Amino acid sequence: MSEKKKRRTSQEISPPGYTIELQLSGQQVLILGGGSVAKRKLPDLLHAGAIVSLVAPEPLGDLPNHPNLTHHQRCYQSSDLTGMRLIFAATNNPQVNDQ
């Protein structure tokens, strides 16, 4: 196979990611927003033992019933950040995400 027709590997196309591991068992985690990004992160956070507070103004009827999950159906308040070990800004509002 000629050099021109060689397939590029994924590492040649984009740089590798930066992966970290956090011990979240018993730790407070905040998710702002209730869209697809929030719902994708939720199962892994709960599996890791995190105590998750989800703040989203819309009703989210399809959330898992889990003792470590609390949904606050309201808009974000700066006091939501107090005591949180990890925070995910997963809203569709860039102004909230930037805070």
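Residues numbered from 1 in each chain as written. Predicted model: local features only at pLDDT ≥ 70, side-chain atom pairs only at ≥ 80, totals over all residues. Heavy atoms only, no water.

Trainee: Quick question: what am I supposed to make of the sheet that holds strand β4 (residues 86-89) here?
Mentor: Note on sheets: strands pair through backbone hydrogen bonds, and any given pair is parallel or antiparallel. Spatial ordering of the open sheet is given by β3-β2-β1-β4, a layout of four strands whose pairing is parallel. Each end of this open sheet is capped by a strand with a single partner; those strands are β3 (69-72) and β4. Averaged over all pairs of adjacent strands, the angle between their axes in this sheet comes to 15°, without regard to strand direction. Bridge count for strand β1 (residues 28-32) against strand β2 (residues 51-55) is five bridges, and the pairing is parallel. Each residue of the ladder has a partner; that of L30, found in β2, is S53. (Pairing = 2+ DSSP bridges. Helix = DSSP H or I, 4+ residues; strand = E, 2+ residues; numbered from the N terminus. Axes fitted to C-alpha atoms, helices over the stretch in contact; angles between N-to-C directions.)

Trainee: Is there a simple way to think about the pattern of salt bridges in this case?
Mentor: Opposite charge on two side chains permits pairing when their charged atoms draw close. Going through the model one piece at a time under the given rule, you end up with two salt bridges. In this structure, the salt-bridge partner of K39 is D62, at a minimum N-O distance of 3.2 Å. Residue K39 is found in helix α2 (residues 36-47), and its partner D62 is found in the loop between β2 and β3; the two are separated by 23 residues along the sequence. Owing to a relative accessible area of 55%, D62 belongs among the exposed residues under this scheme. Between R74 and D80 there is a salt bridge, with the nearest N and O atoms lying 2.6 Å from each other. Classification of R74 by relative accessible area gives partly exposed; the value is 25%. (Salt bridge = Lys/Arg side-chain N within 4 Å of Asp/Glu carboxyl O. Buried < 20%, exposed > 50% of the residue type's maximum accessible area, 1.4 Å probe, protein only.)

Trainee: Could you clarify how one ought to interpret the environment of A50 in this entry?
Mentor: For A50, the location among the structural elements is in the loop between α2 and β2. A relative accessible area of 0% places A50 in the buried class. Spatially, the C-alpha atom of A50 lies 9.6 Å from that of L86, the residues being 36 residues apart in sequence. What A50 contacts, discounting residues up to four positions off in sequence, is L24, S25, Q27, V29, L45 and N68. (Contact = heavy atoms within 4.5 Å.)

Trainee: What should I look at first to understand α2 in this one?
Mentor: Owing to its 3.6 residues per turn, the α-helix aligns residues three or four sequence positions apart on the same side. Taken residue by residue, α2 has A38, L42, L45 and L46 as its buried positions. For α2, the buried positions fall inside an angular range of 85° around the axis, keeping them on one side. Exposed and oriented more than 90 degrees from the buried face of α2 are S36, R40, D44 and H47. If you follow the buried residues of α2, they end up packed against β1, β2, β3 and β4. Trailing α2 by a residue or two, G49 shows a phi angle of about 90°, which is positive. (Arc of directions from axis to C-beta.)

Trainee: What am I meant to see in the environment of D62 here?
Mentor: Sequence separation between D62 and K39 is 23 residues; the distance between their C-alpha atoms is 9.3 Å. Here K39 takes part through its side chain, which lies 3.2 Å from a polar atom of the side chain of D62. (Polar contact = N/O pair within 3.5 Å; in protein donor to acceptor, adjacent residues only side chain to side chain.)

Trainee: Would you mind going over the nonpolar core with me for this structure?
Mentor: The nonpolar side chains of a soluble globular protein tend to be buried with one another. I31, L42, L45, V52, L54 and L69 are the most contacted members of the largest nonpolar core, which has 15 residues in total. Every element with two or more residues in this core is listed here: β1, α2 and β2. When residues in this core are grouped by element, the largest group, four residues, is from α2. If we ignore the near neighbours within four places in the chain, the residues touching L42 are I31, V52, L54, L63, P64 and L69. Formed by five residues, the second largest nonpolar core is a distinct cluster that contains L30, L32, V55 and Y76. (Core = buried A, V, L, I, M, F, W, Y, C linked by side-chain atoms within 4.5 Å.)

As far as function goes, none of this settles anything; it's purely spatial.
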